[in-house]
Amino acid sequence: MPELPEVEVLARHLRRDLPGKTIRKVQVNRIRILRPTSERKLRAALTGAKFKSVSRRGKYLLFELQSKAGRKNVVMLGHLGMTGKMFLTLKNVPPPKHAAVILDLGKTNFIFEDTRYFGRLTLDLSAVAKLGPEPLTGDFTPERFARELKRSRQAIKVKLLDQSVVAGVGNIYASEALFRAGISPKTAANRLTLAQVKKLHGMVREVLAEAIEFGSTVPINLSGAKSDGLFYFGRAVGAPDFYVERLRVYDRAGKPCQHCGSPIRRIVQAARSTFFCLKCQKV
DNA sequence: CACCATGTTCCTTG
DNA sequence: CCAAGGAACATGGT
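Residues numbered from 1 in each chain as written. Chains lettered and ligands numbered in written order. Predicted model: local features only at pLDDT ≥ 70, side-chain atom pairs only at ≥ 80, totals over all residues. Heavy atoms only, no water.

With respect to the pairing of strand β7 (residues 108–114)
Burial of β7 is extensive: seven of the seven residues sit out of reach of the surface. In β7, alternate side chains face the same way, and those of Thr 108, Phe 110, Phe 112 and Asp 114 on one face and Asn 109, Ile 111 and Glu 113 on the other are all buried. Pairing of strand β5 (residues 84–90) with β7 involves seven bridges; the strand directions are antiparallel. Residue pairing across strands places Lys 85 opposite Glu 113, the latter belonging to β7. Sheet analysis places strand β6 (residues 99–104) next to β7, joined by five bridges and oriented antiparallel. Paired with Ala 99 across the strands is Glu 113, a residue of β7. Between β6 and β7, which pair antiparallel and follow one another directly, the connecting turn spans three residues, one of which, Gly 106, has a positive phi of 100 degrees. (Buried < 20%, exposed > 50% of the residue type's maximum accessible area, 1.4 Å probe, protein only. Helix = DSSP H or I, 4+ residues; strand = E, 2+ residues; numbered from the N terminus. Pairing = 2+ DSSP bridges.)

Written as C-alpha cells, this is what we have:
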C-alpha cells in the first residue's frame, strides 16, 4: 500500500472509525513491528486508552490517544513498510495469517497485518523529526526544493526517495512525477535548471494529489483489507470505464509510451527499479 | 531455481 | 565528516 497517497486515504478511513474507541486488549504477534518499543511498554501505554485523533506525516500515521489513568496523552506511530495494512474487522472474523498486532476495541478488532514485517507500530517518534516538508502543504516550496537539490549530485530519481528532501514520495510516484515533468531520472539533482525544479515540484504535487483523489473515492471494506481500493494497478471497483491507466510509466517496461509510443525503459538506481521514456525524458 | 516487490536502516567504501 | 552503493530485514508472486 504504502506511499503518501495510500497512507493519506487510510488515515481518512481510520479517522472516521477510530476516534472514541477504547483499547481493551493488546495482542502482539510480532514484536519486531514495535521496534524499538518493548511489548510491555506498548501494552502499558495502550491498554484502556481511547483514540482521540489520527493524522499523517509523510508515509507515517500518528495516532493520538488519551491514556486510561490520567489526562496524559499517548502518541503512537505507524508505518506500513512495503506490505502493511490496517483495518477493522468484526470479532468473529479470523485474523489473517500475518496479523502482527491486534487491538481489541470491543465490538471490533483493529488489525495491523504485514506479510513482510517491514512496517512499524511504535511509541518511538524520532523518525518523524527527520522528515522533510509535507509535499501538499505550503511548507514544500520550489525554493526550498531547489535549495535541497543543489546540495547533491545524486540522480534526481534517487533524491526524490530521500524523505528529508520531501516526505512521502516512494518508488512508484518518483518515476511518475519525473515522467510528467519530462526530466530524466538520471540527471544529477544539482544540475536541474530552476525551471525544471519548478516543473518537478508541481508534478510531485499533482501526481500525489491525483492518487489521493482516486483512492478516496472508493469506500473501505471493513471486513477485510483485500478490496479497499487502495491499490496501484488496474481500476478500482466501481470506477468509470473511461478511466484508462493510473500509472503512465511504472511497471510498464517495454510497453509504448502514452505520449510518443516509444518503449518504456526499466533501469536500476540505488537497487530500485526506475521506469521512464527515453524520448520524453531527455536530461 | 531465479528474480522481483509500494521502505527504511545499517554497514562499508571512497 | 559526507556521499554513494549494497545488503539486510521477511515473505510471497511469477
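Here's the deal with helix α1 (residues 4–17)
Under the 1.5 Å per step criterion, the end-to-end length of α1 is 20 Å for 14 residues, consistent within 8% with the ideal 20 Å. The element α1 is extensively covered by neighbouring structure, given that 11 of its 14 residues are classed as buried. Taken together, the buried positions of α1 are Leu 4, Pro 5, Glu 6, Val 7, Glu 8, Val 9, Leu 10, Ala 11, His 13, Leu 14 and Asp 17. (Expected span 1.5 Å × (residues − 1).)

Quick word on the protein's contact with DNA strand C
What surrounds DNA strand C is the set Arg 30, Arg 32, Lys 97, His 98, Thr 115, Arg 116, Tyr 117, Phe 118, Ser 152, Arg 153 and Gln 154. For DNA strand C, the fraction of protein-proximal atoms (within 4 Å) that sit in sugar or phosphate groups is 65%. Between His 98 and DNA strand C, the recorded distance is 2.6 Å, taken from a side-chain N or O atom to a phosphate oxygen. Arg 116 is positioned with one of its side-chain polar atoms (N or O) 2.5 Å from a base nitrogen of DNA strand C. Class assignment of the residues belonging to the surface near DNA strand C gives a composition of two nonpolar, four polar and five charged. (Near = heavy atom within 4 Å. Polar contact = N/O pair within 3.5 Å; in protein donor to acceptor, adjacent residues only side chain to side chain. Nonpolar A, V, L, I, M, F, W, Y, C, P; charged D, E, K, R; others polar.)

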